[in-house]
Amino acid sequence: MKKNENFFGISIIFLGVFLVSFGGLTVKSFETENPWQILFWRQFFFSITIFFFLLTKYKKDIFKVLIKSSIVSLIMGCGLFFGFVGFVYSMLNTSVANVNFINTSQVIFLTIFSFIFLKEKINLITIISIIIALIGIVIIFLNSLYVGDLKGNIIALAIPLCFAGVVVFVKKFPNCDLTLSGIIGSIFVMIYALFASEYIMISKHDLFLSIIAGIFQTGLPFILLIIASRYISSSIIGLVMLLEALMGPAWAFIFINDIPSINVFIGGSFILFGVTLKLYMSIYKNH
């Protein structure tokens, strides 16, 4: 039975990673260059998707749950707010490969945050994996000084930092509902977008992309991640999620010819190796 559960969990998270890997391609395919228009409609459809998921979970009590959201849920919602915004902004200011490679460092930052705030121990192999991944990040940032996408890379770095922070809160307060924080974060994004953008309406082409981005590339993967976590360890989830760093740039290259420099792939290789080493040791230690 456990083997079947593991297979189900891995299948679920793989489907989620496959869907989310098209995220960069979709953002770069919008006609509008106004990030707040993209963010408003992307999170609007994301919120609808998560709302129906919560409706199946809480049924008639859903509005009571939303109203009684704890301060922890609000804080996690703020973290997700910056993560959502950082993803779109970075995709508009640098290559898909840069964002995807930098985003995989979430595992490294989670390890650092867990050591600082949760007092979790770090062994020598973990320290080595952190150093390797950080070298990769430095290489990508040094490369950005030559190609002019430093702003996009800095914003991209906010994504793993924010999501790692959110995961620390989830570990510290396991009774808090991450899906609920997802709606809260999206509401924050939509409210801010209404004030940040003079004109919120978009074309039919962009509305279609918003539906794809909000439902299939963020909403469903968000739900699938939560479901998969019930069946497989976070280390295995982390390993499968590394595929996004390979698939995302591949789709961008195939469909829109988005090609980063060779230094980005060198830096990305360091990050992937460091993260893989950390995840491998986590799995090895648990067996």
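To keep things clear, this report deals only with the structure shown in the data block.

The rules behind the values
Residues numbered from 1 in each chain as written. Predicted model: local features only at pLDDT ≥ 70, side-chain atom pairs only at ≥ 80, totals over all residues. Heavy atoms only, no water. Helix = DSSP H or I, 4+ residues; strand = E, 2+ residues; numbered from the N terminus. Buried < 20%, exposed > 50% of the residue type's maximum accessible area, 1.4 Å probe, protein only. Contact = heavy atoms within 4.5 Å. Phe/Tyr/Trp six-rings, centres within 6.5 Å; stacked < 30°, edge-to-face > 60°. Patch = residues over 30% accessible without salt bridge, like charges linked within 9 Å, V, L, I, M, F, W, Y side chains within 5 Å. Areas by Shrake-Rupley, 256 points an atom, 1.4 Å probe, with all protein chains shown as cover. Salt bridge = Lys/Arg side-chain N within 4 Å of Asp/Glu carboxyl O.

1. Topic: the environment of Tyr199
The residue Tyr199 is located in the loop between α10 (178-196) and α11 (204-228) in this model. Assessed through its relative accessible area of 55%, Tyr199 is described here as exposed.

2. Considering the side chain of Gln43
By secondary structure assignment, the location of Gln43 is in helix α3 (residues 35-58). Leaving out residues up to four positions away in the same chain, Gln43 has contacts with Phe84, Ser186, Val189 and Met190.

3. Examining the packing of aromatic side chains
By the definition in use, this model includes 18 aromatic pairs. Both rings, one in Trp36 and one in Tyr192, keep their centres 4.9 Å apart while their planes meet at 45 degrees; by these two values the pair is tilted. Linking Trp36 in helix α3 with Tyr192 in helix α10, this pair joins segments that are 156 residues apart in sequence. Taking relative accessible area as the criterion, Trp36 reaches 10% and is therefore assigned buried. A relative accessible area of 45% means that Tyr192 is categorised as partly exposed. Centroid distance Trp41 to Phe44: 5.7 Å. Interplanar angle 75 degrees. Geometry classified as edge-to-face. Here the residue Trp41 and the residue Phe44 both occupy positions in helix α3, the gap between them amounting to three residues, near one helical turn.

4. Re a nonpolar patch on the surface
Together, Leu124, Ile125, Ile127, Ile128, Ile131, Ile135, Ile262, Phe265, Ile266 and Phe270 make up a nonpolar patch on the protein surface, roughly 840 Å² of accessible area in all. Within the element layout of this structure, Ile125 appears in helix α8 (residues 124-147).

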